[in-house]
Amino acid sequence: MFNYIIIGSGLYGATFAQQAHAAGKSVLVIDKRSHIAGIV
């Protein structure tokens, strides 16, 4: 069970996931790419 499920880990998704985790929330991040925080 997760508090948040984030689809796509671009800059906003990755930042939100980090902040939510730091606040004690459980977060699942799903992205089709093998890296996070946008297109490289």
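About the criteria used
Residues numbered from 1 in each chain as written. Predicted model: local features only at pLDDT ≥ 70, side-chain atom pairs only at ≥ 80, totals over all residues. Heavy atoms only, no water. Phe/Tyr/Trp six-rings, centres within 6.5 Å; stacked < 30°, edge-to-face > 60°. Helix = DSSP H or I, 4+ residues; strand = E, 2+ residues; numbered from the N terminus. Buried < 20%, exposed > 50% of the residue type's maximum accessible area, 1.4 Å probe, protein only. Pairing = 2+ DSSP bridges. Right-handed = clockwise from strand over helix to strand, strands pointing away. Contact = heavy atoms within 4.5 Å.

1. A look at the packing of aromatic side chains
By the definition in use, this model includes 2 aromatic pairs. Taking 5.0 Å as the distance between ring centres and 90° as the angle between the ring planes, the aromatic pair formed by Tyr4 and Phe16 counts as edge-to-face. Linking Tyr4 in strand 1 (residues 4-7) with Phe16 in helix 1 (residues 11-22), this pair joins segments that are 12 residues apart in sequence. Looking at Tyr4, the relative accessible area reads 34%, which means it is partly exposed. Looking at Phe16, the relative accessible area reads 30%, which means it is partly exposed.

2. Some words on the pairing of strand 1
Inspection of the sheet shows strand 1 paired to strand 2 (residues 27-30) by 4 bridges, in the parallel sense. Bridged to Tyr4 within strand 2 is Val27. As for the winding sense of the linkage, the β-α-β connection from strand 1 through helix 1 to strand 2 is right-handed.

3. Comments concerning the environment of Gly13
Tracing the backbone through its elements, the reader meets Gly13 in helix 1. For the pair Gly13 and Val29, spaced 16 residues apart in the sequence, the C-alpha separation amounts to 8.0 Å. Ignoring anything within four residues of it in the chain, the contact list for Gly13 reads Ile6 and Gly8.

The values reported here are purely geometric and, on their own, carry no functional implication.
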